Amino acid sequence: MSGPPRDIDALIALMARLPGLGPRSARRAVLHLLKRRDAVLAPLAQVMATVALTAQDCRVCGNIGTTDLCPICDDPRRATGEICVVETVADLWAMERGGAFKGRYHVLGGTLSALDAIGPEDLRIPDLAERVRGEAVSEVILALNATVDGQTTAHYIADALAQTGVQISSLAQGVPVGGELDYLDDGTIGAALRARRKV
Amino acid sequence: MEWREDGILLSMRPHGEGSAIIEVFTSGHGRHFGVVRGGASRKRAPLLQPGAQLDLTWRARLEDQIGSFLAEPVQSRAAVLESPLALAGLTAACGLLHISLAERDPHPQLYRRTLSLMDAMAGGADWLGDYLRWELLLLDEIGFGLDLSRCALTGQRDDLAYVSPRTGRAVSRAAAGDWAPKLLPLPQALMGQGPVSRAEAAQALAVTGHFLSRELANESRPVALPESRNRLLARLSRDTL
């Protein structure tokens, strides 16, 4: 029995390591690429080679860019004095998709986790404290996940920055846009009720 | 193999693409692991947070296998997310149960007390005294209960001021004599039943922490106490300054 040639097999094996893909779906994706070599495979390979060479973490916020200062940190219009703290680059991109936040970001690179032995030194919390002291920061917005680890991290950061005197806030928790009360868990309904506002 | 009972979720970690391995604490089956199919999905993951009360059905072909759970939410304790102290208390309790209990070893009394402690935390009640008594019970359940009822030397029940760091037995002020500097101070918060202040709770946690560290440390884990428990003590100590 003869399978694909070695190079193609290696490509399948690498593709199968991507999130959401297994060996079978990786084979299908590779076959799709091979069928469309000129239109998809060659440009994809070229772009991937370029990104592999140029991608780097922003030295200020931890965002991923192609220069040592990401476009957000490099943009003087984003110097509003607000820093939004997020867990991962995926969260930063989600905030940017919303387009509601006009300030700058700080990517922690994870959350505190006792089980995984992730402490404050393993995250970019000391860098955040340094930024708050060094830049003209008026408010730090903690946009961390509403999970036990996320909120433990948020409380830790609030404590760590308490001495700086900067205003610290966190995202509201409650009913999502388009959400139906009947489908919400009791914790979310409770949080929404506690955070109710006058209309 | 199959069983069904309520349990408290202690930890959850993703497994594969969409599943999760959860660790729960139940009355009849103790600390127990199992796979939840689809447990890491967007819909299910928010329900599998530490402290959540779950209706669990465990199935496996053989008893030794990790097996799989069907987990339905019974009660969320999401209210603790808004209170830094309650969140620190809940994660400390989950962390201590994680490292101190043997797998599948039932502790029904400890389970009942854990349940009422977490309910108090989520309900915004004054739970510090309950937490101290819970740690004393935990020490008892892992085989090193402190005897704070009478003096180890004289047998008297009043004027108890110290606890022996070696035996965990109380010592009266009069009997301690020159040995007093070598003994641990016995905070009254560990003796009473009522509410305790944050300062008293911090002193008492230092004492229970001594015995928990000694009992739980081993070669693979020289630092015995979980970081979450250290953070609870740090928060209480800081808030009392």
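Coordinates for the structure precede this section.
Report on the accompanying structure. (Residues numbered from 1 in each chain as written. Chains lettered and ligands numbered in written order. Predicted model: local features only at pLDDT ≥ 70, side-chain atom pairs only at ≥ 80, totals over all residues. Heavy atoms only, no water.)

This part covers the interface of chain A and chain B. With 21 residues of chain A at the contact, the number on the chain B side is 21 residues. Counting across the chain A and chain B interface gives three salt bridges. A salt bridge links Asp-159 of chain A to Arg-238 of chain B; the nearest nitrogen and oxygen atoms lie 2.8 Å apart. The tally of links from chain A across to chain B stands at five residue pairs in polar contact (both at pLDDT 80 or more). (Contact = heavy atoms within 4.5 Å. Salt bridge = Lys/Arg side-chain N within 4 Å of Asp/Glu carboxyl O. Polar contact = N/O pair within 3.5 Å; in protein donor to acceptor, adjacent residues only side chain to side chain.)

If you walk through the whole model with that rule in mind, you get zero disulfides over all chains. In this structure Cys-84 of chain A is not part of a disulfide, and its nearest cysteine sulfur, from Cys-61 of chain A, lies 11 Å away. (Disulfide = S-S within 2.5 Å.)

What follows concerns the packing of helix H1 (residues 84–100) of chain B against helix H2 (residues 108–122) of chain B. Pairs of packed helices are described in terms of their axes, by the angle between the two and the distance that separates them. Residues and elements named next belong to chain B. Running from N to C, H1 and H2 point in directions that differ by 160°, and their axes come no closer than 10 Å. With respect to H2, the element H1 is oriented roughly antiparallel. Between H1 and H2 lies a crossing of left-handed hand. On the side of H1, the interface is formed by Ala-86, Gly-89, Leu-90, Ala-93, Cys-94 and Leu-97, while H2 contributes Leu-110, Thr-114, Met-118 and Met-121. When grouped by side-chain class, the residues that make up the contact of H1 with H2 number eight nonpolar, two polar and no charged. (Axes fitted to C-alpha atoms, helices over the stretch in contact; angles between N-to-C directions. Helix = DSSP H or I, 4+ residues; strand = E, 2+ residues; numbered from the N terminus. Parallel < 35°, antiparallel > 145°, perpendicular 65-115°, else oblique. Left-handed = near helix turned anticlockwise from the far one by under 90°. Nonpolar A, V, L, I, M, F, W, Y, C, P; charged D, E, K, R; others polar.)

Of all hydrophobic cores here, the largest spans 63 residues; its most connected members are Trp-127, Tyr-131, Trp-134 and Leu-232 of chain B. Taken together, the elements giving at least two residues each to this core come down to strand S1 (2–15), H1, H2, helix H3 (128–141), strand S6 (160–163), strand S7 (170–172), helix H5 (198–216) and helix H6 (227–239) of chain B. For this core, the leading source of residues is H1 of chain B, giving 11 residues. Contacts of Tyr-131 of chain B, omitting those with residues within four sequence positions, involve Gly-89, Ala-92, Ala-93, Leu-96, Leu-117, Met-121, Leu-205, Arg-229 and Leu-232 of chain B. Counting residues in each nonpolar core, the second largest holds 17 residues, with Leu-128, Ala-129, Val-132 and Leu-144 of chain A among its members. (Core = buried A, V, L, I, M, F, W, Y, C linked by side-chain atoms within 4.5 Å. Buried < 20%, exposed > 50% of the residue type's maximum accessible area, 1.4 Å probe, protein only.)

Moving on, we get to the environment of Ile-118 of chain A. Looking at where Ile-118 of chain A falls in the secondary structure, it is placed in the loop between strand S4 (104–107) and helix H6 (125–134). Setting aside anything within four residues of it in sequence, one finds Ile-118 of chain A in contact with Thr-111, Leu-112, Ser-113 and Leu-123 of chain A.

What follows concerns the sheet that holds strand S5 (residues 139–142) of chain A. All names here are of chain A. Pairing within the open sheet is parallel, and its four strands lie in the order S4-S3-S5-S6. This sheet does not close on itself; its edge strands, each paired only once, are S4 and strand S6 (167–170). For this sheet, the mean inter-axis angle between neighbouring strands, taken without regard to orientation, is 25°. (Pairing = 2+ DSSP bridges.)

This brings us to the packing of aromatic side chains. Ring pairs (aromatic) are described by centroid distance and by the angle formed between their planes. All names here are of chain B. A full pass over the atoms with the stated rule returns seven aromatic pairs over all chains. A centroid spacing of 5.9 Å and a plane angle of 75° characterise the contact between Trp-3 and Phe-69, whose relative ring orientation is edge-to-face. Pair noted here: Trp-3 is in strand S1 and Phe-69 is in strand S5 (residues 68–75), with a separation of 66 residues, a long-range link. For Trp-3, a relative accessible area of 11% translates into the label buried. (Phe/Tyr/Trp six-rings, centres within 6.5 Å; stacked < 30°, edge-to-face > 60°.)

To continue, consider the packing of helix H1 (residues 6–15) of chain A against helix H2 (residues 23–35) of chain A. All names here are of chain A. Viewed as axis vectors pointing N to C, H1 and H2 meet at an angle of 125°, and their least axial separation amounts to 8 Å. Taken together, the axes of H1 and H2 lie oblique to each other. Seen from above, H1 lies across H2 with right-handed handedness. Note on element contacts: H2 touches H1 through Pro-23, Ala-26, Arg-27, Ala-29, Val-30, Leu-33 and Leu-34, opposite Ile-8, Leu-11, Ile-12 and Met-15. Residue composition of the contact of H1 with H2, by class: 10 nonpolar, no polar and one charged.

The analysis is restricted to geometry; functional conclusions fall outside its scope.
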